[in-house]
Protein chains: 2
Amino acid sequence: MMTIRRMNSQSANFEQELNQLLAWESVNDHNLQQTVLDIIARVRQAGDSAVLDYTQRFDQVSASHVTNLMIQPAQLAAAYHQLTEDKRSALATAAERIRHYHSKQKQESWQYREVDGTVLGQQITPLDRVGIYVPGGKASYPSSVLMNAIPAKVAGVPEVIMCVPTPRGEVNNLVLAAAHLAGVDKVFTIGGAQAVAALAYGTQTIPKVDKIVGPGNSYVATAKRLVFGQVGIDMIAGPSEILIYCDGKTHPDWIAMDLFSQAEHDEEAQAILISEDAAYLDAVQQSLDKLLPTLERAVIARASLAGRGALIHVQNEVEAIALINRIAPEHLELSVENPEALLPHIRHAGAIFMGRYTPEALGDYCAGPNHVLPTSGTARFSSPLGVYDFQKRSSIIYCSAQGASHLAEVASVLARGESLTAHARSAEYRMIAEE
Amino acid sequence: MMTIRRMNSQSANFEQELNQLLAWESVNDHNLQQTVLDIIARVRQAGDSAVLDYTQRFDQVSASHVTNLMIQPAQLAAAYHQLTEDKRSALATAAERIRHYHSKQKQESWQYREVDGTVLGQQITPLDRVGIYVPGGKASYPSSVLMNAIPAKVAGVPEVIMCVPTPRGEVNNLVLAAAHLAGVDKVFTIGGAQAVAALAYGTQTIPKVDKIVGPGNSYVATAKRLVFGQVGIDMIAGPSEILIYCDGKTHPDWIAMDLFSQAEHDEEAQAILISEDAAYLDAVQQSLDKLLPTLERAVIARASLAGRGALIHVQNEVEAIALINRIAPEHLELSVENPEALLPHIRHAGAIFMGRYTPEALGDYCAGPNHVLPTSGTARFSSPLGVYDFQKRSSIIYCSAQGASHLAEVASVLARGESLTAHARSAEYRMIAEE
């Protein structure tokens, strides 16, 4: 039988058990940090030659020049056209749906004029150049390329540069095809902290970007943290998680497979089911037992559910909602009859999958919304990756002579209150002498 | 005569000089980091008693309980009503204008329905609880309280908690009055890394928040960096800067005082003027010489301009625009006849002050836009503090049975392409058998 933690909101130490279940803190590995600092320093100093050296050492790929590590646009297009018809069509449908959904997120500049003629507003512009990191090897996901590159392109970013390592020369054609579909402008087959450093500071061949997004291993995550400030970064992601709330009326096999779809990612992934119906939790447990042996990634899924999974019995909907907001899950599945009634009560979740026909997997690939979502409770204060992450704002202030005179009186008093008299005098020069 | 660097875009080593001028990197002080890590660990472990201990030690303020370090709402209101009429009125005008401007930034939830009934969108909600850090002592600015707290309140954040240290018991009444006007819910007179740790993790008395914003010294900045992930934070700000582009037709005293208003902040602040008119740069230099002795903060302004200021001669408008975008200034003043013609070419700036009647000081206090702006070139990828920093988004996906069936076909192909077969099977359960 499969081991998965059973919990009950009525038990005396529920809060403590819950804290244990959710505990996850990114490790602050001092040695790792030092290694990454060294890599960044060498890339800043030696540029291309450091990148070539690390790529040879870590990926067993040698090249005489970084230009030889570029994949040409024609090669990306060829990768796309070489796909089988079903894959090409699925990828194209996903890209089109992602593009359409994200186009709704694009923000426009705005301004308003006051009665005295003063104009205030914000000018919204795309970033100039963005770097997208895509892991190599087995964790190389074409869906990630679409989810990271398309919002940047919808935002209007003129140049999107992708870095993807090709350990021992292994190239993933689906990833290249996705880059073609997403409109990626340049691809370099480099990875690790050296790719992040090259994107952040630029080398002779690799252009310096303004923001770096995309998932990666601990070297990549550490490097992103360290170059933050020099460039923008997306969130540093923790393990992926799902929280399913079910009223007990969805087929237990469906819910079991939804839990497995999260658990198959890796051993640290977290899958939790909550329900008011204890018998239903038993039924899902039976489905888990039954289906586990049929999974290709059974070993990973078993370890994930045993280590970090849970089936939680709650008393009622009010408790369920409180638990959802307490956990602030990355993925929330509301597998209930009337999910719309719950929606206004959900304050924190990366993505909300509503109803029995909306498993997370549809959102992971092709529904349209982004699959890069805040993990580990960070949905309390952050949002899915979106077009807004590739746009930025400049405040606009354009005072008329009359408006300036009026504002200068206010600014002068406040600046003098803060003992910043040059501020006050700069404002006062713009005052119109009263008649 | 006042020393300020003169530069010319035509000089052979201009690019190198420019890099030197702009060079600024936040120091990564290992000892400081260790001290702050210790403070955070002690506050996490001992809660209130650690906060009391540090407050006694660093601020020479002793209290028997953290509740004694709370300032009651009645006391905030009293501080406001005790202000002189001109200060109260100036503060109220500033608050009202800031509130009005920021209300234009509030984002609303959106969704759309596809032909098969599937609904997609985003639910936008305020953060639950926000912490605002306000420095104590001489750098305690009431305008900062308004600029940080009002956007949170406009976003709908139910609970805004302010921490402001009161070294040796010194309380700044203007700061308390600003907190009253801005609608701050709770004030604790604690500061430093211990305040940041208390807000991030909560203590017996101080509630845990979801995001911490506001300026602070190197302890505060380091603590914010370290608790990032546990809570959200705003940008870690570098020294403040202004870039003024003038066509040579604004009174040189005005521009000199605008430069001084930036330079008087601190020795590391940066003030740069660019113009096509070399004679005008001479005139501004003369105004600087003439006005410097009349400044209250002459020593600071002189050091700032000598160390980090510059008057730069450019050949033409095209060069000026390129330089602006290269620098991506926090504050950009376009002191020219027709600033609107330039606006579409400005790609990177925190705030753009347009025309001769819009000195930065008006924006610092009361024009309406936020004065918390991206520094050190980070305007390339980040934005002014705004209501959007206190809202977050949850993706909404609600598939109809028909919509799910269609999407499941696409997801199944892509999931199998990534060898994530539980994802594929979770999707396939939702497929409707074809007739």
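As named in an unreviewed UniProt entry, chain A is Histidinol dehydrogenase, taken from Agitococcus lubricus. UniProt's Function (unreviewed entry) comment on chain A is quoted here verbatim: "Catalyzes the sequential NAD-dependent oxidations of L-histidinol to L-histidinaldehyde and then to L-histidine." As its UniProt record puts it under Sequence similarities (unreviewed entry), chain A is described as follows: "Belongs to the histidinol dehydrogenase family."

Q: How would you summarise the pairing of strand β3 (residues 110-113) of chain A if you had to cite specific residues and measurements?
A: Residue and element names in this part refer to chain A. Covered by surrounding structure in β3 are Trp110 and Tyr112 only, the residues Gln111 and Arg113 on the alternate face being uncovered. As judged from the four bridges shared by β3 and strand β4 (residues 119-126), these two strands associate in the antiparallel manner. For Tyr112, the partnering residue across the bridge sits in β4 and is Leu120. Taking the residues that link successive antiparallel strands as the turn, the β3-β4 hairpin has five residues, and the phi of Gly117 there is positive, at about 100°.

Q: Describe the relation of the copies chain A and chain B, naming the residues involved and giving the relevant values.
A: Turning chain A through 180° and shifting it by 0.0 Å along the axis lays it on chain B, with an RMSD of 0.0 Å. The transformation just described matches what one would write down for a two-fold rotation axis. Of the residues that chain A buries at the interface, 100% are likewise interface residues in chain B, meaning the two copies contact each other through the same surface.

Q: Explain the sheet that holds strand β5 (residues 129-133) of chain B to me, and be specific about the residues and the numbers.
A: Residue and element names in this part refer to chain B. The strand order across the open sheet built from six strands is β2-β7-β6-β5-β8-β9, with neighbouring strands paired in mixed fashion. Where the open sheet ends on each side, the last strands, each with one partner, are β2 (70-71) and β9 (232-233). Two elements, β2 and strand β7 (residues 186-188), share two bridges in a ladder whose sense is antiparallel. Considered in β7, the bridge of Met70 is made with Phe188.

Q: Go over the pattern of salt bridges, please, and point to the residues and values.
A: Residues and elements named next belong to chain A. All chains considered together, the criterion is met by 40 salt bridges over all chains. A salt bridge links Arg416 to Glu428; the nearest nitrogen and oxygen atoms lie 3.0 Å apart. Here the residue Arg416 occupies a position in helix α16 (residues 401-417), and Glu428 occupies one in helix α17 (residues 421-428), the gap between them amounting to twelve residues. Residue class for Arg416 comes out partly exposed when judged on its relative accessible area of 40%. Glu428 gets classed as partly exposed once you look at its relative accessible area, which sits at 26%. Members of the salt-bridge network, linked through shared partners, are Arg42, Asp53 and Arg57.

Q: How would you sum up the interface of chain A and chain B? Please name residues and give values.
A: Interfaces are often described in size by the accessible area the parts lose on coming together. Listed as interface residues are 118 residues of chain A and, on the opposing side, 118 residues of chain B. Of the roughly 10,800 Å² buried between chain A and chain B, counting both surfaces, carbon and sulfur atoms make up 58%. It is Tyr365(A), Ile397(A) and Arg430(A) in chain A that bury the most area against chain B; as a group they hold 7% of the surface buried on that side. Linking chain A with chain B are ten salt bridges, by the criterion used here. Across the pair Arg430(A) and Asp258(B) runs a salt bridge whose closest N-O atoms are separated by 2.7 Å. For the interface between chain A and chain B, the tally reads 64 residue pairs in polar contact (both at pLDDT 80 or more). Per element, the largest residue contribution to the side of chain A that touches chain B is ten residues, and it comes from α16(A). Both strand β14 (residues 351-354) of chain A and strand β15 (residues 391-398) of chain B contribute to a ladder of four bridges, which runs parallel.

Q: Tell me about the packing of helix α10 (residues 252-263) of chain A against helix α17 (residues 421-428) of chain B, and name the residues and values.
A: Running from N to C, α10(A) and α17(B) point in directions that differ by 150°, and their axes come no closer than 8 Å. With respect to α17(B), the element α10(A) is oriented roughly antiparallel. In terms of crossing hand, the pair formed by α10(A) and α17(B) is left-handed. Between α10(A) and α17(B), the residues in contact are Met257(A), Asp258(A), Phe260(A) and Ser261(A) and Ala422(B), His423(B), Arg425(B) and Ser426(B), respectively. Taken together, the residues that form the contact of α10(A) with α17(B) break down as three nonpolar, three polar and two charged.

Q: For the nonpolar core, give the residues involved together with the corresponding values.
A: Leu91(A), Leu146(A), Val157(A), Met162(A), Val187(A), Leu362(A) and Phe390(A) are the most contacted members of the largest nonpolar core, which has 67 residues in total. Membership of the second largest hydrophobic core comes to 66 residues, among which are Ala404(A), Leu407(A), Val134(B) and Leu174(B).

Q: An account of the domain arrangement of chain A is requested, with residue identities and associated values reported.
A: Residue and element names in this part refer to chain A. Taken as a whole, chain A is organised into domain 1 (30-233), domain 2 (238-381) and domain 3 (399-435). Just the C-alpha atoms count here: the centres of domain 1 and domain 2 sit 30 Å apart. Taken together, the ten residues of domain 1 in the interface contact ten residues of domain 2. Carbon and sulfur atoms supply 54% of the area that domain 1 and domain 2 bury against each other, a total of about 860 Å² over both sides. Our count for the contact surface shared by domain 1 and domain 2 stands at zero salt bridges. At the boundary of domain 1 with domain 2, the tally comes to four residue pairs in polar contact (both at pLDDT 80 or more). Of all the elements in the fold, those that place two or more residues in the side of domain 1 that touches domain 2 are α5 (85-103) and α6 (142-155). Its residues assigned to classes, the side of domain 1 that touches domain 2 comprises five nonpolar, four polar and one charged.

Conventions adopted
- Residues numbered from 1 in each chain as written.
- Chains lettered and ligands numbered in written order.
- Predicted model: local features only at pLDDT ≥ 70, side-chain atom pairs only at ≥ 80, totals over all residues.
- Heavy atoms only, no water.
- UniProt positions renumbered as here; feature names shortened; annotations may be inferred.
- Buried < 20%, exposed > 50% of the residue type's maximum accessible area, 1.4 Å probe, protein only.
- Helix = DSSP H or I, 4+ residues; strand = E, 2+ residues; numbered from the N terminus.
- Pairing = 2+ DSSP bridges.
- Least-squares fit on C-alpha atoms with pLDDT ≥ 70 in both.
- Contact = heavy atoms within 4.5 Å.
- Salt bridge = Lys/Arg side-chain N within 4 Å of Asp/Glu carboxyl O.
- Buried area = accessible area lost by both parts, 1.4 Å probe.
- Polar contact = N/O pair within 3.5 Å; in protein donor to acceptor, adjacent residues only side chain to side chain.
- Axes fitted to C-alpha atoms, helices over the stretch in contact; angles between N-to-C directions.
- Parallel < 35°, antiparallel > 145°, perpendicular 65-115°, else oblique.
- Left-handed = near helix turned anticlockwise from the far one by under 90°.
- Nonpolar A, V, L, I, M, F, W, Y, C, P; charged D, E, K, R; others polar.
- Core = buried A, V, L, I, M, F, W, Y, C linked by side-chain atoms within 4.5 Å.
- Domains from an automatic or database assignment.

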